[in-house]
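# Fold and contact review
What follows is each chain in one-letter form.
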Amino acid sequence: MPYTNLRQLTGNVRNRSPYTLQNLRLLLTALDCPEGLCDVIGEAEVALYGLDVPSQQIRALSDSVYFRNMPKAKQFAWRWSIKTIEARTD
């Protein structure tokens, strides 16, 4: 498989709030972790719109993520953090 800076983000989003979750913005950090020591090799923000996750429910999510100018990793890993959450209150 050829090397690419394009990665697939898949997972589930769980809404524990009393409101309907609409949009989510994540910061993804690409890491190269050979021998357990990690270096940051890229960052990307991804906006997930129209999730429509009702209160106390779970929905699947999937999106493509492009890490600009990312060098090839020996042992690729990533971590994520939530930047913003938008919910519908009605």
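In short, a report on the structure. Only a predicted model underlies this, so the values are computations on that prediction, with no experimental measurement involved. (Residues numbered from 1 in each chain as written. Predicted model: local features only at pLDDT ≥ 70, side-chain atom pairs only at ≥ 80, totals over all residues. Heavy atoms only, no water.)

What follows deals with the environment of Pro71. The residue Pro71 is located in the loop between β4 (58-66) and β5 (76-88) in this model. Assessed through its relative accessible area of 42%, Pro71 is described here as partly exposed. Counting along the chain gives 64 residues from Pro71 to Arg7, while the straight-line C-alpha distance between them is 13 Å. (Helix = DSSP H or I, 4+ residues; strand = E, 2+ residues; numbered from the N terminus. Buried < 20%, exposed > 50% of the residue type's maximum accessible area, 1.4 Å probe, protein only.)

Right, let's talk about the pattern of salt bridges for a bit. If you walk through the whole model with that rule in mind, you get 3 salt bridges. Arg25 is paired through a salt bridge with Glu45; the nearest N and O atoms lie 3.4 Å apart. Of this pair, Arg25 sits in strand β2 (residues 20-32) while Glu45 sits in strand β3 (residues 39-48); the two residues are 20 residues apart in sequence, bridging distant segments of the chain. Owing to a relative accessible area of 43%, Glu45 belongs among the partly exposed residues under this scheme. Here Lys83 makes a salt bridge to Glu45, at a shortest N to O gap of 3.5 Å. Placement of the pair is Lys83 in strand β5 and Glu45 in strand β3, with a sequence separation of 38 residues. If you follow the salt bridges from partner to partner, you end up with Arg25, Glu45 and Lys83 in one network. (Salt bridge = Lys/Arg side-chain N within 4 Å of Asp/Glu carboxyl O.)

A regular strand places its side chains on the two faces of the sheet in alternate fashion. Burial analysis of β2 places 11 of its 13 residues in the buried class, which makes it a mostly covered element. As paired elements, β2 and β5 share 12 bridges and run antiparallel to each other. Counted as the bridge partner of Thr20 is Arg88 from β5. Where β2 meets β3, 9 bridges bridge the pair, whose relative direction is antiparallel. Bridging from a neighbouring strand, Leu24 pairs with Leu48 of β3. The loop that links β2 with its antiparallel partner β3 comprises 6 residues; one of these, Glu35, has a positive phi angle of about 60 degrees. (Pairing = 2+ DSSP bridges.)

Take the sheet that holds β3 next. The antiparallel open sheet is built from 3 strands, whose spatial order is β3-β2-β5. Either end of the sheet is taken by a strand with one partner, and the two such strands are β3 and β5. Neighbouring strand axes in the sheet, compared pairwise and without regard to direction, differ in orientation by 15 degrees on average. (Axes fitted to C-alpha atoms, helices over the stretch in contact; angles between N-to-C directions.)

This part covers the layout of surface pockets. Approximately 330 Å³ is the volume found for the largest pocket. Along its surface, the largest pocket is lined by 18 residues, and Asn12, Val13, Leu24, Trp80 and Ile82 are the ones closest to its centre. Mapped onto the lining of the largest pocket, the elements with two or more residues apiece are β1 (6-14), β2 and β5. Per-class residue counts for the lining of the largest pocket are 11 nonpolar, 5 polar and 2 charged. (1 Å grid on protein atoms, 1.4 Å probe; cavity = no way out; pocket = protein on both sides within 12 Å on 5 of 7 lines; lining within 4 Å. Points joined across faces, edges and corners; volume = space filled by probe spheres on them. Nonpolar A, V, L, I, M, F, W, Y, C, P; charged D, E, K, R; others polar.)

Interpretation in functional terms is not warranted from these geometric data alone.
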